[in-house]
Amino acid sequence: PVAAQVADPERAVAARQRLEQIRSRFNSDTEVALVLEGLADGMKGIDIQRDLGLTAQQYETIITRLRRGIDRTEGWAP
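Source: prediction; values computed, not measured. (Residues numbered from 1 in each chain as written. Predicted model: local features only at pLDDT ≥ 70, side-chain atom pairs only at ≥ 80, totals over all residues. Heavy atoms only, no water.)

> Describe the overall build of the protein, and please don't skip the residues or the numbers.
Scanning the protein for helices and strands turns up four helices and zero strands. The secondary structure elements of the protein, listed N-terminal to C-terminal, are α-α-α-α. Put simply, the protein has 78 residues, and 23% of those count as buried. Total accessible area computed for the protein in this model is approximately 5,600 Å², and 54% of it derives from carbon and sulfur atoms. (Helix = DSSP H or I, 4+ residues; strand = E, 2+ residues; numbered from the N terminus. Buried < 20%, exposed > 50% of the residue type's maximum accessible area, 1.4 Å probe, protein only. Areas by Shrake-Rupley, 256 points an atom, 1.4 Å probe, with all protein chains shown as cover.)

And the structure:
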């Protein structure tokens with residue numbers, strides 16, 4: 001239990017740093033940035049689609065750009 005309490009703040013900081021790296025990589029791609037913000041807020045894909053007025057195909061295309069952009073530099077880690 002003590003180790004888990006110590007790891008949680010460290011993991012949260014690492015996750016925030018990773019998210020900032022990904023955000024900066026896609027700051028010129030508005031669609032990816034908007035989807036990424038939804039995912040970071042804990043939204044599900046269907047909710048993001050609805051909020052942004054995207055079709056399922058448009059959403060999947062954006063997710064593919066996100067995934068490939070991450071794959072190119074550091075690898076995809078869902």
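Now that the structure is up, let's keep going.
> Residues and numbers for helix α3 (residues 45-52), please.
Taken residue by residue, α3 has G45, I48 and Q49 as its buried positions. Buried positions in α3, seen along its axis, are confined to an arc of 100 degrees and lie on one side of it. Exposed side of α3, more than 90 degrees from the buried face: I46, R50 and D51 are the residues found there. Of the residues flanking the end of α3, it is G53, one or two places downstream, whose phi is positive at about 70 degrees. (Arc of directions from axis to C-beta.)

> Which residues make up the pattern of salt bridges, and what values do they have?
Summed over all chains, the structure comprises five salt bridges. One salt bridge in this structure joins E20 and R23, with 2.5 Å as the shortest N-O distance. One end of the pair is E20 and the other is R23, both in helix α1 (residues 2-25) and three residues apart, which spans about a single turn. Exposure remark for E20: the relative accessible area of 43% places this residue in the partly exposed category. Between R50 and D47 there is a salt bridge whose closest N-O contact spans 3.2 Å. (Salt bridge = Lys/Arg side-chain N within 4 Å of Asp/Glu carboxyl O.)

> Can you break down the environment of M43 residue by residue, with the values?
In this fold, M43 is placed in the loop between α2 (30-40) and α3. Leaving out residues up to four positions away in the same chain, M43 has contacts with G38, I48 and D51. (Contact = heavy atoms within 4.5 Å.)

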